[in-house]
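# Remarks on the overall topology
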Amino acid sequence: MSTVETAGRLVVRLSGECDMSCSDELAAALSAAIGRSPRTEVDLGGLRFLDSSGIHVLVTAHRDARARQAIMYVTHAAGVVATVLELTGVAALLAPPPQASGDRS
Amino acid sequence: MNAAYDTGRTMGDEMSFAVATDLAGLRGFVRDRAVAAGLATARAELLMLAASELMSNTLEHTGDGGLVRVWTEAGAVVCEVRDRRPRGFRPPGAAVMPAADAMRGRGLAIVEQVCDVVSTAAGGTAVQLRMTR
């Protein structure tokens, strides 16, 4: 997991597998990012696995961001990570805002 | 403690788990056995996801581990997750996916959605996941 600042937003990059053994670490990283920046992108491109505990962390962080008038969204989900986000309906909730479409490049 | 629940022990087509850091290895075990049994990789990864959710549920709610087995039947790959919860613990009925912004409650709903058949066995001490191959 790494956090980099770029072009008016913080990008939190996840890699490896995210389950209950690392959800606390993810929650702390997202909370720190949301506290620092009005825009946080969570780049899932390097993530090979995401379970319900990771999804709950993402949804909670998204709610916290909204409460702070901040934006948090996910990008580059693939494979089984994209599948689980779609079937839970969370892919749409955490989709990039329209004005962030350039972030997908 | 029952020897069959020792951490990370592999006995043919079964493997035990006891702590959260065991889960990644167990997922690889389920995926690899499912692919070897003839499931396409994407379907094997759905079975892996469901098994992982059941294992997490065991760790979260029992504070103890369990046992995972994978085998084949005519036309299907079966993955069973067994734990120490008492017989008759698991009620029948499908879990419903919560709203997208719900803070929790997705684990068992994911299991129901990604597997072809979800059933209980051994008096409710085990959950069996079936994927048609």
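The coordinates are above.
Residues numbered from 1 in each chain as written. Chains lettered and ligands numbered in written order. Predicted model: local features only at pLDDT ≥ 70, side-chain atom pairs only at ≥ 80, totals over all residues. Heavy atoms only, no water.

With that settled, the discussion passes to the packing of helix H1 (residues 23–36) of chain A against helix H2 (residues 52–67) of chain A. All names here are of chain A. Interhelical geometry of H1 versus H2 gives an angle of 20° and a closest axis separation of 10 Å. The orientation of H1 with respect to H2, classified from their angle, is roughly parallel. In this structure, H1 meets H2 at a crossing whose hand is right-handed. Facing H1, whose interface residues are Ser 23, Leu 26, Ala 27, Leu 30 and Ile 34, H2 presents Ser 53, Gly 54, Val 57, Leu 58, Ala 61 and Ala 65. For the contact of H1 with H2, the residue count by class is eight nonpolar, three polar and no charged. (Axes fitted to C-alpha atoms, helices over the stretch in contact; angles between N-to-C directions. Helix = DSSP H or I, 4+ residues; strand = E, 2+ residues; numbered from the N terminus. Parallel < 35°, antiparallel > 145°, perpendicular 65-115°, else oblique. Left-handed = near helix turned anticlockwise from the far one by under 90°. Contact = heavy atoms within 4.5 Å. Nonpolar A, V, L, I, M, F, W, Y, C, P; charged D, E, K, R; others polar.)

Here we take up unusual backbone geometry. Located in the positive-phi region is Ala7(A), a residue other than glycine, with phi close to 40°. Checked against the element boundaries, Ala7(A) lands in the loop between strand E1 (2–6) and strand E2 (9–18).

It is worth spelling out the interface of chain A and chain B at this point. Listed by partner, the interface residues are 21 residues for chain A and 27 residues for chain B. Summed over both partners, the interface of chain A with chain B comes to about 1900 Å²; 66% of that surface belongs to carbon and sulfur atoms. Three residues, Met20(A), His56(A) and Leu87(A), lead the burial of chain A against chain B; their summed loss comes to 28% of the area buried on that side. Across the contact surface, chain A and chain B share two salt bridges. Its salt-bridge partner being Arg27(B), residue Asp19(A) comes within 2.9 Å of it at the nearest N-O pair. Where chain A touches chain B, the interface holds five residue pairs in polar contact (both at pLDDT 80 or more). Counting only elements with at least two residues in the side of chain A that touches chain B, the list comes to strand E3 (39–50), H2, helix H3 (79–87) and helix H4 (90–93) of chain A. (Buried area = accessible area lost by both parts, 1.4 Å probe. Salt bridge = Lys/Arg side-chain N within 4 Å of Asp/Glu carboxyl O. Polar contact = N/O pair within 3.5 Å; in protein donor to acceptor, adjacent residues only side chain to side chain.)

Everything listed here is a matter of geometry and, on its own, says nothing about what the molecule does.
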